[in-house]
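# Structure at a glance
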Amino acid sequence: MPAPCSLKRCGDKEYYCPVELAIQIIGGKWKPLVLWHLGTLGVLRFSELKRTMPNITQKMLTQQLRELESDGLVERKVYPQVPPKVEYSLTSLGESVNPVLKQLN
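A brief structural summary. These numbers come from a predicted model, not from an experiment. (Residues numbered from 1 in each chain as written. Predicted model: local features only at pLDDT ≥ 70, side-chain atom pairs only at ≥ 80, totals over all residues. Heavy atoms only, no water.)

The subject of this paragraph is the sheet that holds strand 5 (residues 85–90). Taken in spatial order, the 3 strands line up as 3-5-4 in an open sheet, and their pairing is antiparallel. Looking at which strands have only one partner, the edges of the open sheet turn out to be strand 3 (44–45) and strand 4 (74–79). Here strand 3 pairs with strand 5 via 2 bridges, running antiparallel. Note that in strand 5 the partner of Leu44 across the bridge is Tyr88. On top of the sheet, helix 2 (residues 31–41) reaches strand 3, strand 4 and strand 5; it is set at about 95° to strand 5, its chief contact. (Pairing = 2+ DSSP bridges. Helix = DSSP H or I, 4+ residues; strand = E, 2+ residues; numbered from the N terminus. Contact = heavy atoms within 4.5 Å. Axes fitted to C-alpha atoms, helices over the stretch in contact; angles between N-to-C directions.)

With 21 residues, the main nonpolar core has Val34, Leu35, Leu38, Leu49 and Val74 as its most contacted residues. Every element with two or more residues in this core is listed here: helix 1 (18–26), helix 2, helix 4 (58–70) and strand 5. Beyond its immediate sequence surroundings of up to four residues, Leu35 is in contact with Ile26, Leu68, Leu73, Val74, Leu90, Val97, Asn98 and Leu101. (Core = buried A, V, L, I, M, F, W, Y, C linked by side-chain atoms within 4.5 Å. Buried < 20%, exposed > 50% of the residue type's maximum accessible area, 1.4 Å probe, protein only.)

Bringing the packing of helix 1 against helix 2 into the picture now. Two elements in contact, helix 1 and helix 2, have axes separated by 8 Å at closest approach and are oriented at 75°. With respect to helix 2, the element helix 1 is oriented roughly perpendicular. Contact with helix 1, carried on its side by Gln24, Ile25 and Ile26, involves Lys31, Pro32 and Leu35 of helix 2 and no other residues of that element. Looking at the contact of helix 1 with helix 2 residue by residue, the classes come out as 4 nonpolar, 1 polar and 1 charged. (Parallel < 35°, antiparallel > 145°, perpendicular 65-115°, else oblique. Nonpolar A, V, L, I, M, F, W, Y, C, P; charged D, E, K, R; others polar.)

Pairing between strand 4 and strand 5: 6 bridges, direction antiparallel. By the bridge assignment, Glu75 is partnered in strand 5 with Ser89. What sits between strand 4 and strand 5 in their antiparallel hairpin is a turn of 5 residues.

One pass over the structure, following the stated rule, counts 2 salt bridges. Close ionic contact of Lys31 with Glu67 constitutes a salt bridge, the shortest N to O distance being 2.8 Å. Placement of Lys31 in helix 2 and of Glu67 in helix 4 is noted, with a sequence separation of 36 residues between them. With relative accessibility at 4%, the residue Lys31 sits in the buried group. (Salt bridge = Lys/Arg side-chain N within 4 Å of Asp/Glu carboxyl O.)

This is how it looks when you write it as structure tokens:
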């Protein structure tokens with residue numbers, strides 16, 4: 001019989017299995033695609049990322065990027081200029097997900 005899963009915390013939530021935590025963080029329709037494109041194309045601006053996923057709405061992409069950023073998978077860099085310039089890239093944690101996504105390819 002396998003050992004029981006240990007308690008994991010992410011933010012203010014508790015998970016009783018690492019798979020449950022992973023699915024919560026990278027699961028869904030769009031998050032894996034965001035991670036894939038940032039992992040394969042590198043640093044992207046919002047509009048560039050949106051172009052790679054034409055079926056996602058602007059609102060949904062914004063929401064997914066915010067969640068990935070708050071979970072520590074994506075970094076958002078804002079440049080102090082007019083017009084505003086914002087770039088998105090993977091953190092080292094986000095990069096660690098890419099080998100799993102490449103296996104799906």
